[in-house]
Every structure is written in structure tokens, then in C-alpha cells.
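Topology and contacts: notes
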Amino acid sequence: MVCCGLTSHLELARRPDLYGSPVVVGRWDDHVIAASAEAVAAGVAPGMPLRQAEHLCPLATFLMPDLEASVRLQELIAAALYDLAPVVEVRVDGVAWLDLEGVTSIPLAIREARRRLRAATACEPRLGLASGPFAARLAAARARPGRLLRIDDARSFLAPLSSRELDFDAEQMERLDLLGLRTLGDVAAIGPRELESQLGREGRRAVMLARGLEPDRLEPWRPPMFTSSHRQFDPPVEDREALLFVARALCGDLAEELGLRGAGAKRLRVRLRLEDADEETRDSLVRHPLSSAAELFGLVGSWIKEWQPAAPIAEMWIELPVLEASGRRQLRLWAGGDGTSEEVVAALERLQERYGEGVVTQVRVG
Amino acid sequence: MQIQAEPRLEHAIEAIRVRFGSQALTRAAELPPPPAWPSGTPLDRLTGIGGLPKGRISLLVGSGTCGKLTLALSLLAGATHEFAHAVVIDAGGGFDAGGLLPFVPARGPLTVVRPPAPDAAGEAASTLARAGAGFILLMGEVPEPWLGPLESGANRSGTVVVGVVDAPSRAFAHASSLSLAFARVDWIWDRGQLIGLRTLARCSKNRVAPPVGESELEVRYFPGPAGIREQAVAVGEQAWSAVV
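About the criteria used
- Residues numbered from 1 in each chain as written.
- Chains lettered and ligands numbered in written order.
- Predicted model: local features only at pLDDT ≥ 70, side-chain atom pairs only at ≥ 80, totals over all residues.
- Helix = DSSP H or I, 4+ residues; strand = E, 2+ residues; numbered from the N terminus.
- Buried ≥ 20, exposed ≤ 12 C-beta atoms within 10 Å, placed from the backbone.
- Contact = placed C-beta atoms within 7 Å.
- Core = buried A, V, L, I, M, F, W, Y, C linked by C-beta atoms within 7 Å.
- Nonpolar A, V, L, I, M, F, W, Y, C, P; charged D, E, K, R; others polar.
- Expected span 1.5 Å × (residues − 1).
- Arc of directions from axis to C-beta.
- pLDDT = per-residue confidence, 0-100.

**So, the overall build of chain A**
Helices and strands together make up the secondary structure of chain A, namely 15 helices and 13 strands. Split into buried and exposed, the 366 residues of chain A put 38% on the buried side. Taking the contacts inside chain A whose residues are at least 6 apart along the sequence as the reference set, 60% of them involve residues at least 24 apart.

Structure representation (C-alpha cells):
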């Protein structure tokens, strides 16, 4: 089963303060990228020239697109959903899919996905649950905000819907119209080869979609592989307590980011840039990924406590050069039971890694 | 003013419940208590929820010999039967697995972590709590910076965390949800031999239920052919006992 969460376009979600008013996103000499529901009600549609949109809805707030910010929000949402399902895909147009195949508690995952989408975009997502991404998205589009529409029989759900729901370009849509295929039911009724002969490979795909056979696969989001955090000291510091204090804060920032990304650090590096421009480094591989501030600071703090830098420190970097797609966070999705036993064993091994084998002993009792 | 304010408040409460659901706004007194782990010891009656709270820190405190460690060992022995992972974090290095035998622990290995420094004890406790160890016995204090991670880790996984200390620091006491204070009332002598002690167990802090009160317990040591016999009896009832 695939769950689709539908929020507003991420270009619009960047400005939650404008929710409830007409907003149009696009460049002046270009086309509309996104329009709020209020602007759509006034006749604005994504893809139309911005001048036309201005003519249709002169009271709208017109925003320049900020692709970088939207992609950052997209990453944030994907990371937030990452530990809820084995495969997660998020698109800038506000569609988030979760492939719930193998998830032990689907209602719990959906409830949590709704909560996290709401937290990330400040609006109630519409949710659809169906056998594949296409039907799930159309179901979500028909659900009320904050509600889930579950589709058990995708073909009969899709049949009455307009064939314009297929993501065809204008020319292909015109050809569908000429063929008299105005609903997805009409498309489903025609043979895939017949439509392929008219529209090429896209025609075959359209028939499969209309029949609820879902030929498309989700593109799984993967967490990024590197992150770092740093702080400059002006004037340079020598005080170890000050360094520990800053290191703890940096570890907290990194842990928060790792949490959002659903990642763990397999390697940790601390670089101290000294006042005389020299640099000193500590670097370590860890057997089990570190993901919390306590774990990160446990290692960084132990280094700093015994570090004897040659000069006052002008800048401190904490780098996580190797991040792991967080199997540990997703472990509970697949492991027998709840995966706790494996996590406890991993935690004990991490302690042995840090403090030596002798720190953990197994005493036979009974 | 009071008369006008109340209907407005009620209206606001109603609006919140309509918008976000009936559970969105609940009186503190109506909040459900945390799930309890019934330990089968007299302490269960003192907590007010029929057992030790899961996901919270409970403390057994008392100065000198007052029976707190005996109770803690009894809890640990019970936990070895109940949980896949019962772990002792022995910061002081004074844990003796032999002392556990009178309480008939489950057969098999018991994990003991002997951290080299207080910070390591904190790290071990919070890491294991977050990983989901079922029961953690803390033999000693946890440094203040680690109390937050320990609390949140235990809360997330439902770990029962029990600390045994003479006098907890202010931060440790604050972080605990349940504190049971032990005070030795008297030694018990029989024909010139020390055979046990009588102790008063009192719930000195309870954030999981209204305080229940206190109970007098007897912890007895009997020299016998098979070794030491140790027995603790709640006054008025045979609550638990163990014989080697």
C-alpha cells in the first residue's frame, strides 16, 4: 500500500503567513509555478503566463520562486518521513509518498506522517491510501484536509475521474479528446497496445495507470552523506571549558540535523584551526552510527578533555564525513519484534568501543 | 469578573476540543498514569499505580544500611525474569552478583556496565535507555548533563530505571518521578545475634500518582546451613521472601 500526503506546493509552504490569501509564485517573464487555492479559485492555474495570472487575480501576492529554499523544505520533509516507511518520495509540488509495504503498524505510520507533514508545512495534509502512487495521489486530492481516503478497488475509484488527471502534455490531451477518452474508465477500457499505437509508450502507461496497475515506482529519498558544524572564536580561546561548551552546542545542532535526516554518523572528525593558521585534527571511525547529541559529545568531549593544542583556537569544526542511511532508525520497521534487542546489543558494543572491552561484562547468575 | 471569565474559558476549552479532539485538552488530574511494571515487592503498594513506573526514573534513597540495596536487588532479580535486557550500571564498582542469588534471578548472563567515569555512567544509562533496555539499575548518581537524555530515552522506550543512592543530588532528585526513602528503624537481634533490620519505606516524591504513604518493612538475615537467609516482610503481610 502507498500513502500519499498532499500539502500545498512547497513554494507556497515557505510562506505559511500567507495561507488563506491568494498567492501566485512565478517569475515576471515566465509562467506560474504555483498558485494557492484562493488564486486558483480566481482562475489562475500553474503553467499560465504570469501576466495573465495578474490580470485574473490582481489582488494576489506575487512571489518570486526560491528553488533552493523549496528543495531545503523538500529535504526536511523527506527526512522527517524517512523512518516511517522503507521508501519515501517527496516532490516540490507538495506530494509526499510513503510505500508502506512491510510496515507493521500502518495506521500508526499514517498518523505520524500526517503529524509531521503538518509540522513541516503548517497546514493539514490531505491523505490518500491506495495500491500505488497514482491512485493514492488522486485519493488524497479528494480527501478533506487532515483526513484519509482509503481506496480498496483502485480501478473502480479511477473510472469516473477525468482523463486530465494523467500527466499528459496539451497535445497528448488533445489526442485523447479526439479519441473520445474523456474519463480514466474510457482509457482503462481500451487495449494498451491500441493506445500505444496512438501515443507511444506513454499511451501504454496511461492504460496501466487507469486500470490501477501502477506501473511507476517511487524514487526513494536517500539521506545526504556529509554534514558539519563549526564555530569561530574571536578572540581565539584557550579555555577548555569554553571549548567543551561550544562542542556540546555543535553536537546538539548536528544531532538535530541527523535526527531530521534520519541519519547516523559512521565517522567523526574534529578540526581545530589555531591562531597561527595551523590546524590540528582528531578523526575516528565508529562501528555503530552515532545519532544523538550525547553520543557525539561523548566522543568529541573525550578528545577535547585531553587535547593539548599548540596555540589558542580560532575556529572549531565538527565534521561527520560519512553518514549512513539510518538503518538503525529504520530497524524497527523490519526487525523481529520491535528491534529493541538488536539496539541494546549495538548500544553495549558502542560503549565497549568507546571505553574498552572491559566496561561491559556478562555475569552468570542463577 | 470571575463569573464572566468562566463561560469564556469553558467556551475556549470546548472550541479546542472540537477542533483538535477530546483528548487535546485534559486536566492534569485526569491524565493517565504511566504504565506500571508490577515488581511483586511491597514497593508496588507505595507507588500508587501498582508497580514501578515504566519510562521514568525511580529512586531508592536512604543513608547507611537501611535495606534499599536489598530491595533493589530484589527488583533486579524480578526484572531478569520479566525483561530481555536487565542491566546494572555499577558506577561505584560495588555490585556483587552473588548478592542477587537469594532472590532467585533468571538463569543466564546479567549485563553489568562498569563505567570508568561518572560521565561514562551517564552516557551508558542514557544510551541503553534509548536503545530500549527493559530495566536499568543505577548503582550511584548520574551527572546532571545526562539526566535529560536519560529521562527522554527512558520515556521513549518505556525502560524502568531504578537508582540506588544514599542522598541524591538536587538534579537527580528532580529528574526522578518517584522517590522512596528508607530509614532504618531498628536492628533486629535474636539471642545476641543480629538477624536483620526494620526499616521504614516512605514515598517522598511521587509524580505518577497521589502519594500513598509509608510502610514498615523487615529485612532479616538468617544464618543457616545453606548460607545466608534473607527475608523481607511487609508489616501485616507476607509480601516477598527469598531463601538460599
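So much for the structure itself; the text now carries on.
**Thoughts on the nonpolar core**
Residues B:I89, B:A125 and B:I136 are the most contacted members of the largest nonpolar core, which totals 93 residues. Examining the composition of this core, we find that eight residues originate from one element, helix α3 (residues 68–82) of chain B, more than from any other. Beyond its immediate stretch of four places on either side in the chain, B:A125 contacts B:I89, B:I136, B:L138, B:V142, B:W146 and B:L150. One finds A:V2, A:A60, A:A96 and A:V187 within the second-largest nonpolar core, a separate group that totals 65 residues.

**Notes on the interface of chain B and chain A**
The partner chain A presents 22 residues to the 29 residues of chain B that form the contact. The set of elements that each furnish at least two residues to the side of chain B that touches chain A consists of β5 (108–113), α4 (118–131) and α5 (144–157) of chain B. The leading source of residues in the side of chain B that touches chain A is α4(B), at eight residues. For the side of chain B that touches chain A, the class distribution of residues is 19 nonpolar, six polar and four charged.

**Looking at helix α5 (residues 106–121) of chain A**
Note on helix geometry: an α-helix contains 3.6 residues per turn, so any two residues three or four positions apart are oriented the same way. Residue and element names in this part refer to chain A. Over its 16 residues, α5 runs 22 Å from end to end, which matches the ideal 22 Å to within 8%, given 1.5 Å per residue. Taken together, the buried positions of α5 are I110, A113, R116, L117, A120 and T121. For α5, the arc enclosing every buried residue in end-on projection is 130°, short of the 170-degree limit, so these residues lie on one face. Facing away from the buried side of α5 by over 90 degrees, the exposed positions are P107, L108, R115 and A119. Summarising the contacts, the buried residues of α5 are in contact with β1 (2–6), α1 (10–13), α4 (67–81), β6 (95–99), β7 (126–130) and β8 (148–150). Phi turns positive, to about 60°, at A122, one or two residues after α5.

**Overview of the confidence of the model for chain B**
Residue and element names in this part refer to chain B. Of the residues in chain B, 84% have a pLDDT of 70 or more, and the chain-wide mean is 81. For residues 223–244, every residue scores under 50 in pLDDT, and the model assigns this stretch 47 contacts once sequence neighbours within four places are set aside. Complex prediction metrics read pTM 0.50 and ipTM 0.80.

**Focus on the confidence of the model for chain A**
For chain A, mean pLDDT is 85; residues scoring 70 or higher make up 94% of the total. Ignoring residues within four places in sequence, the model shows residues 327–338 of chain A, a span with pLDDT below 50, making 17 contacts including any to other chains.

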